[in-house]
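A look at the structure
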Amino acid sequence: MDIERIHTPVMLERTIELLAPALEADGAVLVDATLGMGGHASAFLERFPELTVIGLDRDTDALAIARERLAKFGGRVRFVHTVYDGIGEAVRAEGFDEVQGVLFDLGVSSLQLDRAERGFAYAKDAPLDMRMDSTRGRTAADVIAESSEEELRRIFHDYGEEKLAARYARAIVRARSESPITRSGQLVAILTDATPAAVQRAGHPAKRVFQALRIEVNEELSVLQRAMPAALDTIAVGGRIVVLAYQSLEDRIVKRVLQAASSSTAPAGLPMELPEHRPQFRLLVRGAELASESEQAENPRAKPVRLRAAERLRRPS
């Protein structure tokens, strides 16, 4: 495996540009909360020779690859096997009270998509696993087997924004009564058979269901809801956070947390804003930035990305 070619980091130069003012400080620490195979981390370690990176990931396969890829940086990189809502504990365990930068590159990784045996990709037949941490937790097959029809409908609707959620839930319950659904190919066939031909022409019928199952299996939205405030708490004054989100449900959570952190808390009607009511953060980009057309053409996985960023202005009084 050519480690340098297996993954192209999304919006790398823009991410470096946004975090650079914070990471140029002496003794700067960056938390790569979604280390993956180390693509972003490698670029930051090269660009900032004094930088220390704390890399978090729940995927043991990704951590093994990142350790190999980043070995040349020695003690400048620390590896932590954890879900990213454990960011505060990870930073403290590595001996730091606060950090200068935090990066989240959310969603499923190239490694998880490209390794068929992980079961993330609907285009490849494999066991229905979908766990980002293959050492623990329920698999997608477990969710399919154990959830009621109503629970499946909710998962597909809420996490996949799937309009045919009820139809798909019924089809799955009917199919599993005849034989267990344990492989992605089985599930794709069930969903395809349950999809009207006109809808099939609009896109693959399994896309949103697979997204929903992945989110349910890995508790991605609830983890992100805990992780964002925890990440902001770790950032020093002048420090920065950049978040890359790939689907609307994640981006809404990121947007809401960053907007709250960058808004005044002064009660309505006060004649002037007191210092303790001033925003703790300021937004660094207007709305959400997209990857350039050229990057989207070169790297299809950059097409759905939404980038948001903020800088800490002050600590709470």
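To be clear, the structure that these remarks concern was listed above.
Below you will find a few notes about this structure.

Cut-offs used in this document
Within any chain, residue numbers begin from 1 and follow the written order of that chain's sequence. In keeping with the model being predicted, local features are shown solely for residues with a pLDDT of at least 70 and side-chain atom pairs are shown and tallied solely at 80 or more, while totals for entire chains, interfaces and linings include all residues. As a rule here, side-chain values cover all heavy atoms of the structure and leave hydrogens and water aside. A run of DSSP states H or I qualifies as a helix once it reaches four residues; a run of E qualifies as a strand once it reaches two. Both are numbered from the N-terminal end. The globule rule used for comparison is 2.2 Å times the number of residues to the exponent 0.38, while the radius of gyration itself is calculated over C-alpha atoms. Summary of the burial criterion: residues with accessible area below 20% of their type's maximum are buried, those above 50% are exposed, and those between are partly exposed, where the area comes from a 1.4 Å probe applied to protein chains only. Throughout, a contact is declared for two residues whenever any of their heavy atoms are within 4.5 Å. Note on areas: Shrake-Rupley, 1.4 Å probe, and residue coverage restricted to the protein chains presented here. Charged residues are defined here as Lys and Arg on the positive side and Asp and Glu on the negative side; His and the ends of the chain fall outside this count. For the purpose of locating charges, the reference atoms are NZ of Lys, CZ of Arg, CG of Asp and CD of Glu. For helices, the fitted axis covers only the stretch in contact; all axes are lines through C-alpha atoms, and the angles between them, taken along N-to-C directions, range from 0 to 180 degrees. In what follows, roughly perpendicular refers to angles from 65 to 115 degrees, roughly parallel to angles under 35, roughly antiparallel to angles over 145, and oblique to any angle outside these ranges. Each residue is assigned to one class: nonpolar for Ala, Val, Leu, Ile, Met, Phe, Trp, Tyr, Cys and Pro, charged for Asp, Glu, Lys and Arg, and polar for all the others, Gly among them. Here is the rule: rings of Phe, Tyr and Trp (six-membered ring for Trp) pair when centre to centre is within 6.5 Å. Planes less than 30 degrees apart are stacked, more than 60 are edge-to-face, and the remainder are tilted.

Turning to the overall build of the protein chain, a few remarks are in order. In terms of regular secondary structure, the protein chain is built from 14 helices and 7 strands. A globule of 317 residues ought to have a C-alpha radius of gyration of about 20 Å, and the protein chain, at 21 Å, matches this closely. Along the three orthogonal principal directions, the C-alpha set of the protein chain runs to about 60 × 55 × 40 Å. Within the protein chain, buried positions represent 52% of all 317 residues. Contacts spanning at least 24 positions in sequence make up 71% of the contacts within the protein chain whose residues lie at least 6 apart. Accessible area of the protein chain: about 14800 Å², with a carbon and sulfur share of 49%. If the 43 positive side-chain charges of the protein chain are averaged to one point and the 47 negative ones to another, these points end up 4 Å apart.

A few words now on the environment of isoleucine 144. Looking at where isoleucine 144 falls in the secondary structure, it is placed in helix H6 (residues 140–146). With 43 residues separating them along the chain, isoleucine 144 and leucine 187 place their C-alpha atoms 9.3 Å apart. Residues contacting isoleucine 144, with those up to four places away along its chain left out, are Leu152, Ile172, Arg176, Ile181, Leu187 and Leu213.

With that out of the way, let us pick up the environment of valine 243. Locating valine 243 in the fold gives a position in strand S5 (residues 235–245). For the pair formed by valine 243 and valine 53, sequence separation is 190 residues and the distance between their alpha carbons is 16 Å. Not counting residues up to four positions away in its chain, the partners in contact with valine 243 are Phe104, Leu106, Met228, Val254, Arg306, Leu307 and Arg308.

Right, let's get into the packing of helix H11 (residues 207–218) against helix H12 (residues 220–234). Put simply, H11 and H12 touch, their axes get as near as 6 Å, and they point 55 degrees apart. Taken together, the axes of H11 and H12 are oblique relative to one another. Taking contact as the criterion, the partners of Arg214, Ile215 and Asn218 in H11 are, on H12, Glu220, Leu221 and Val223. In terms of residue class, the contact of H11 with H12 is built from 3 nonpolar, 1 polar and 2 charged.

With that settled, consider the packing of aromatic side chains. Counting across every chain of the model gives 2 aromatic pairs. Ring plane angle 90 degrees and centroid distance 5.4 Å describe the contact between tyrosine 84 and phenylalanine 104, whose orientation is recorded as edge-to-face. One end of the pair, tyrosine 84, is in the loop between strand S3 (77–81) and helix H4 (87–93); the other, phenylalanine 104, is in strand S4 (residues 99–105), and 20 residues separate them in sequence. Side by side, tyrosine 84 and phenylalanine 104 carry an identical accessibility label, which is buried.

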